[in-house]
Amino acid sequence: MIAYEFYLHDLVKGYELVGILPERRKNPQRITQKSVMGWVEKVFGSNLSTKDIFSIQVTINEYTGNIFRPNPFFVIQKKVKK
């Protein structure tokens with residue numbers, strides 16, 4: 001099963017997982033970056049800026065529940081000027 005993990009970039013805490021959306025649409029033409037990020041706006045409302053959130057596509061094994069992420073999976077943080 002395809003799913004999307006959503007991460008929020010917090011200046012103090014770094015990147016935090018804020019949600020997982022399992023993809024249930026059968027027509028792949030309906031799956032766009034805009035539609036995926038639209039889910040974030042529906043769930044979190046206007047409290048979060050979508051420019052502070054990013055998603056990665058993952059695969060969930062339907063039998064074991066194991067999550068397979070793209071390889072390699074790492075996040076590079078930018079240093080913030082104070």
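Thresholds, definitions, all that
Residues numbered from 1 in each chain as written. Predicted model: local features only at pLDDT ≥ 70, side-chain atom pairs only at ≥ 80, totals over all residues. Heavy atoms only, no water. Helix = DSSP H or I, 4+ residues; strand = E, 2+ residues; numbered from the N terminus. Buried < 20%, exposed > 50% of the residue type's maximum accessible area, 1.4 Å probe, protein only. Contact = heavy atoms within 4.5 Å. Expected span 1.5 Å × (residues − 1). Arc of directions from axis to C-beta. Phe/Tyr/Trp six-rings, centres within 6.5 Å; stacked < 30°, edge-to-face > 60°. Pairing = 2+ DSSP bridges.

Before going further, it helps to examine the overall build of the protein. Scanning the protein from N- to C-terminus turns up one helix and four strands. When the helices and strands of the protein are listed from N to C terminus, the series reads β-β-α-β-β. Looking at the protein residue by residue over its 82 residues, the buried ones come to 22%. Contacts spanning at least 24 positions in sequence make up 46% of the contacts within the protein whose residues lie at least 6 apart.

A word on helix H1 (residues 33-44). Because an α-helix completes one turn every 3.6 residues, residues spaced three or four positions apart along the sequence face the same direction. Compared with an ideal rise of 1.5 Å per residue, which puts twelve residues at 16 Å, H1 spans 17 Å between its outermost C-alpha atoms and is within 8% of the ideal. Within H1, burial applies to Val36, Met37 and Val40. One face of H1 carries all of its buried residues, which in axial projection span an arc of 90°. When the buried face of H1 is taken as reference, the exposed residues oriented beyond 90 degrees from it are Lys34 and Lys42.

Counted according to the given criterion, the structure contains three aromatic pairs. Taken together through their ring pairs, the aromatic side chains of Tyr7, Tyr15 and Phe54 make up a single cluster.

Attention now moves to the pairing of strand S2 (residues 14-22). Pairing geometry for strand S1 (residues 2-10) and S2, over eight bridges, is antiparallel. Looking at the pairing, alanine 3 lines up with proline 22 of S2. Taking the residues between adjacent antiparallel strands as the criterion, S1 and S2 are bridged by three residues.

Looking now at the pairing of S1. The sheet contact formed by S1 and strand S3 (residues 53-60) spans seven bridges and is antiparallel. In the sheet register, tyrosine 4 faces S3, and the bridge partner there is glutamine 57.

By themselves, these figures tell us nothing about what the structure is for.
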